[in-house]
Amino acid sequence: MKIYSHINTGGFSNTYLIANENTKEAIIVDPGKISEGLINQIEENSLNLVAILITHNHGSHVSGLKTIMKIYSPKIYGADYEIAGDATNVITGDGSLRLAGLSVKYISLPGHTSDSMIYQIGNVIFTGDSISAGKLGSTNSSYSRHLLRHNIDEKILSQQENTVLFPGHGPPTSVGAERKFNISISKE
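First, a word on what this report is: a plain description of the structure on this page. Because the structure is a prediction, the values reported are computed rather than measured.

Topic: the pairing of strand S3 (residues 25–29)
Then, in step 1: Of all five residues making up S3, four are buried, and the element is well covered by its neighbours.
Then, in step 2: With five bridges joining them, strand S2 (residues 13–20) and S3 adopt antiparallel strand pairing. If you follow Tyr 16 over to S3, its bridge partner there is Val 29.
Then, in step 3: Where S2 folds back on S3, the antiparallel hairpin that results is connected by four residues, among which Lys 24 adopts a positive phi of roughly 60°.
Then, in step 4: Pairing geometry for S3 and strand S4 (residues 48–53), over five bridges, is parallel. In the sheet register, Ile 28 faces S4, and the bridge partner there is Ile 52.

See below:
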């Protein structure tokens, strides 16, 4: 598995391309902007884009969806029907999917938004806006903040220290680094 990161300068959000080198299939996480570089990576590696995973329905994470759907025909997965209407494969709760020859766990993690999901492939978690390097995701109430913090403790920080976190914004981090250095976590 190879992971390629692309930045959407409009919302400074990350889009990830996950390539299975054995099956030549790919997944995109949070298509905030579809750049020429992203399309070139798909085409130059002769990848078949089979799925799009949405961590939550905010513009900077889904604004490239219409563009990618004009070029490819992947299945779209997320917890909000409004992401793509009838084209959305709505997932709720926790479960797993087999996509691009990979086992993908989806885990509901409300707090930042009610439809927030994280996706785990092996020892990698795509966290959306729930947590990023050094901070927790934003919330709109003290209840949402409490819920987010509880869910992060149970579903992310409970993972092994070497689990890599690919957030919706900012650089990659790890569970171990967040346990030690995330001020938002240590203050609470």
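We are not done yet, so read on.
Focus on empty space enclosed by the protein
Then, in step 1: For the coordinates displayed, the defined rule picks out one cavity of 30 Å³ or more.
Then, in step 2: The calculated volume of the largest cavity comes to roughly 40 Å³.
Then, in step 3: Surrounding the largest cavity, Thr 55, His 56, Leu 109, His 112, Ser 116, Met 117, Ile 118, Thr 127, Gly 128, Asp 129 and Ser 130 form its lining.
Then, in step 4: Elements with a minimum of two residues in the lining of the largest cavity: strand S9 (117–121) and strand S10 (124–128).

Calculation rules
- Residues numbered from 1 in each chain as written.
- Predicted model: local features only at pLDDT ≥ 70, side-chain atom pairs only at ≥ 80, totals over all residues.
- Heavy atoms only, no water.
- Buried < 20%, exposed > 50% of the residue type's maximum accessible area, 1.4 Å probe, protein only.
- Helix = DSSP H or I, 4+ residues; strand = E, 2+ residues; numbered from the N terminus.
- Pairing = 2+ DSSP bridges.
- 1 Å grid on protein atoms, 1.4 Å probe; cavity = no way out; pocket = protein on both sides within 12 Å on 5 of 7 lines; lining within 4 Å.
- Points joined across faces, edges and corners; volume = space filled by probe spheres on them.

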